[in-house]
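Listed here are the chains, written in short residue letters.
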Amino acid sequence: MPSDKSISHRALIFASLAATPSELRGFSRGGDNVSTLEAFRALGVRFHDLGPEAVRVEPCGLGGLAAPSHDLDCGNSGTTMRLLSGVLAGQRFASRLVGDASLSRRPMRRIVEPLTARGARLRGAAHPTRAGDVTPPLAVEGLAPGSRLREASIELAVASAQVKSCLLLSGLFAEGPTTVTEPLLSRDHTERMMDALGLPIRAVGTVVRLEPLASGAELPGFEIDLPGDPSAAAFLLVGAAVVPGSHVTARRCGLNPTRTGILDVLRAAGARTGITPHGDSLGEPVGEVSAWHGELRGTSIAGELALRAIDEIPIACVLAARARGVTELADLAELRVKESDRLAEMAGVLRAFGVEVEERPDGLRIEGVPDAPLRAARVESHGDHRVAMSAAVLALCAQGESVIEDVDCVATSFPRFAGTLRALGAEVEVRP
Ligand code: S3P
């Protein structure tokens, strides 16, 4: 598996802010993570390759970032932009964050508002369709000399690890505590890494609180073997569940319970799965995960399960397409503001493969086609890596050749996806 994208972003950020060097091993250089790395390089951090999948980080300390000489390009990565904003909001220098066409449409009021409320000075552009919201570019003004960010106590209306992490990171530069309360617990990688690095953070249920750092405090450098990404593994595990005769095992896969909703979905659909825990890495559990092909049945995905599988909904749609009966997906309005409108795009892709889908404001109703092969199709990824990979797995269930257009985006999270599918026996060709 490629290294976990969420954990890799955080490892790059904390290694960049530390006082001493760090080593990140098993780092697979997906496009989104490279955006984070390059942003910190532009802020004065030095990175040295130690072979194809290891990088040494030479940081400049919590107070040592330097003003960038150009815009910080976050590419396709919402996590880069939102987490980096938290760091930049606490600096004395000005900076500007930009992104690609998809990222430039994503809502940013969710971070601009709470950061501003604690004294940060940043602005976005007016959102073209969501009244009152803002989009990138984000212009961050430096803090006035002598001033620091204030305490913050925020209750999020929608659970979001990006917003929570943005605020916690800004809390490293604040004079008072940072408290974030979520309606449900989103992925908690930031909290776990802060705790593993000895920062004064406590999490109880859906409330997390970071105390202000003592003046002159620093973060320690660290070594980490990055866990594999369960969100990437999901494409192959679901692939195994839907393609007759298959069995796939993902080794050294991250098993953080806030991320493993898709394994619960697979089990609820009747798929045979297995998990062997293998210890942990900087506070993150890792292990081996397997899935086998078998008879599947429709299921439902909503509430906290939907949140724990938020990035796996596109591939869960593929599972639903091959399950007997109906699968209902709800509480997923956030999917409309991911890399693409994933509810609309997945409905379109499923229909192209001959699957009946009803689209709802916050979900989908999918009628499975378990007995006959799907119809081969020609579909668009709309620049969304997870839509592209889900379509590829659907294509494995179709009779004849399917074509997925615009697949460069796959490299943002899973650069070796096509090669891995091929190694598992699929016929896949990537055309320029
Ligand atoms: C992420 C959080 C989630 C997720 C995204 C990665 C993170 O987004 O969808 O792919 O690494 O914090 P939200 O926090 O906006 O739900």
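Parameters at a glance
Residues numbered from 1 in each chain as written. Predicted model: local features only at pLDDT ≥ 70, side-chain atom pairs only at ≥ 80, totals over all residues. Heavy atoms only, no water. Helix = DSSP H or I, 4+ residues; strand = E, 2+ residues; numbered from the N terminus. Rg over C-alpha atoms; globule rule 2.2 N^0.38 Å. Buried < 20%, exposed > 50% of the residue type's maximum accessible area, 1.4 Å probe, protein only. Contact = heavy atoms within 4.5 Å. Areas by Shrake-Rupley, 256 points an atom, 1.4 Å probe, with all protein chains shown as cover. Lys, Arg positive; Asp, Glu negative; His and termini not counted. Charge placed at Lys NZ, Arg CZ, Asp CG, Glu CD. Near = heavy atom within 4 Å. Polar contact = N/O pair within 3.5 Å; in protein donor to acceptor, adjacent residues only side chain to side chain. 1 Å grid on protein atoms, 1.4 Å probe; cavity = no way out; pocket = protein on both sides within 12 Å on 5 of 7 lines; lining within 4 Å. Sits in = over half its atoms within 2 Å of the grid points. Nonpolar A, V, L, I, M, F, W, Y, C, P; charged D, E, K, R; others polar. Domains from an automatic or database assignment. Buried area = accessible area lost by both parts, 1.4 Å probe. Salt bridge = Lys/Arg side-chain N within 4 Å of Asp/Glu carboxyl O. Pairing = 2+ DSSP bridges. Axes fitted to C-alpha atoms, helices over the stretch in contact; angles between N-to-C directions. Points joined across faces, edges and corners; volume = space filled by probe spheres on them. Expected span 1.5 Å × (residues − 1). Right-handed = clockwise from strand over helix to strand, strands pointing away.

Chemist: When you look at the overall build of the chain in this model, what are you seeing that I'm missing?
Modeler: A count of helical and extended segments in the chain gives 13 helices and 23 strands. Against the compact-globule benchmark of 22 Å for 432 residues, the chain has a radius of gyration of 21 Å, which places it among compact chains. Once the C-alpha set of the chain is aligned to its principal axes, its extents read approximately 70 × 45 × 45 Å. Within the chain, the fraction of its 432 residues that count as buried is 57%. Taking all contacts inside the chain whose residues are at least 6 apart in sequence as the whole, residues at least 24 apart take part in 74%. As displayed, the chain offers around 16,600 Å² of accessible surface, 50% of which is attributable to carbon and sulfur atoms. Side chains of the chain carry 46 positive and 53 negative charges; the gap between the two charge centres is 2 Å.

Chemist: What is the right way to look at the site of the ligand in this model?
Modeler: In the vicinity of the ligand, the contacting residues are Ser6, Arg10, Thr79, Arg82, Ser160, Ala161, Gln162, Arg187, Ile310, Asp311 and Lys338. At 2.9 Å, a side-chain N or O of Ser160 approaches an oxygen atom of the ligand. Interatomic distance of 2.9 Å between a backbone N/O atom of Ala161 and an oxygen atom of the ligand. In isolation the ligand exposes 380 Å². Once the protein is present, 95% of that is buried. Judged by the proximity of its atoms to the pocket grid, the ligand belongs to the second largest pocket. Within the residue set of the shell around the ligand, elements represented by two or more residues are α1 (5–17), α3 (78–88) and α5 (161–171). A breakdown of the residues in the shell around the ligand according to their chemical character gives 2 nonpolar, 4 polar and 5 charged.

Chemist: What's the story with the domain arrangement of the chain in this structure? I'm lost.
Modeler: Partitioning the chain into structural domains gives domain 1 (5–212) and domain 2 (230–423). The centre of domain 1, based on its C-alpha atoms, is set 28 Å off from the matching centre of domain 2. Around 2,100 Å² of area is buried between domain 1 and domain 2 when both sides are counted, 52% of it from carbon and sulfur atoms. Of all residues in domain 1, Arg106, Arg187 and Arg192 give up the largest surface area on contact with domain 2, accounting jointly for 27% of the area buried on that side. On the surface where domain 1 and domain 2 come into contact, there are 4 salt bridges. Between Glu53 and Arg416 there is a salt bridge, with its nearest N and O atoms 4.0 Å apart. Linking domain 1 to domain 2 there are 13 residue pairs in polar contact (both at pLDDT 80 or more).

Chemist: Would you explain the sheet that holds strand β18 (residues 356–360) in this entry?
Modeler: Hydrogen bonding along the main chain pairs the strands of a sheet, whether they run parallel or antiparallel. Read from one edge of the open sheet, 4 strands run β16-β17-β19-β18, paired in mixed fashion. Edge positions in the sheet fall to β16 (300–301) and β18, since each of these pairs with one other strand and no more. Sheet topology places β16 next to strand β17 (residues 326–329); 2 bridges connect them, and they run parallel. Directly across from Ile301, in β17, lies its bridge partner Leu329. In the packing of helix α10 (residues 313–321) onto the sheet, the strands contacted are β16, β17 and β19 (363–367), and the crossing angle to β19 comes to about 25°. Along the sheet face, helix α11 (residues 342–352) touches β18 and β19 and points at about 165° away from the line of β18.

Chemist: Got a minute to help me understand empty space enclosed by the protein in this structure?
Modeler: Left-over empty space is what a probe sized like a water molecule reveals as it rolls over the atoms. Following the criterion strictly, the structure yields 4 cavities of 30 Å³ or more and no others. Roughly 50 Å³ of volume is contained in the largest cavity. What lines the largest cavity is simply Pro230, Ala233, Ala234, Leu237, Cys253, Gly254, Leu255, Arg259, Thr260, Ile262, Leu263 and Val289. Secondary-structure elements contributing two or more residues to the lining of the largest cavity are α7 (230–242), β13 (247–254) and α8 (261–268).

Chemist: Got a minute to help me understand the sheet that holds strand β5 (residues 95–98) in this structure?
Modeler: What the 4 strands build is an open sheet, ordered β4-β5-β7-β6; its pairing is mixed. The open sheet has two free edges, formed respectively by β4 (72–73) and β6 (121–126), since each of these has just one partner strand. Examined bridge by bridge, β5 and strand β7 (residues 134–141) share 3 bridges and lie antiparallel to one another. Bridging from a neighbouring strand, Arg96 pairs with Ala139 of β7. Packed onto the sheet, α3 meets β4, β5 and β7 and runs at close to 175° relative to β5. Packing of helix α4 (residues 109–117) onto the sheet brings it into contact with β6 and β7, and relative to β7 it is tilted by some 30°.

Chemist: Would you mind going over helix α2 (residues 31–42) with me for this structure?
Modeler: A rise of 1.5 Å per residue sets the reference length of α2, with its 12 residues, at 16 Å; its end C-alpha atoms lie 16 Å apart and thus fit the reference within 8%. Buried positions along α2 lie against α1, β2 (46–49), β4 and α3. Within two residues after α2, Gly44 carries a phi angle of roughly 105°, on the positive side.

Chemist: What should I look at first to understand the pairing of strand β8 (residues 152–155) in this one?
Modeler: Both faces of the sheet carry side chains from a regular strand, because those side chains alternate between them. Only one face of β8 is covered, namely the face carrying Ala152 and Ile154; the face carrying Ser153 and Glu155 is uncovered. For β8 and strand β9 (residues 178–181), the ladder comprises 4 bridges, and the chain directions are parallel. Counterpart to Ile154 in the pairing with β9 is Val180. A crossover links β8 with its parallel partner β9, the connecting element being α5, and its sense is right-handed.

Chemist: It is not clear to me how the side chain of Lys338 should be interpreted in this structure. Could you clarify?
Modeler: Mapping Lys338 onto the fold places it in the loop between β17 and α11. Buried charge without a salt bridge: Lys338, with Asp311 as the nearest opposite-charge side chain at an N-O distance of 4.5 Å.

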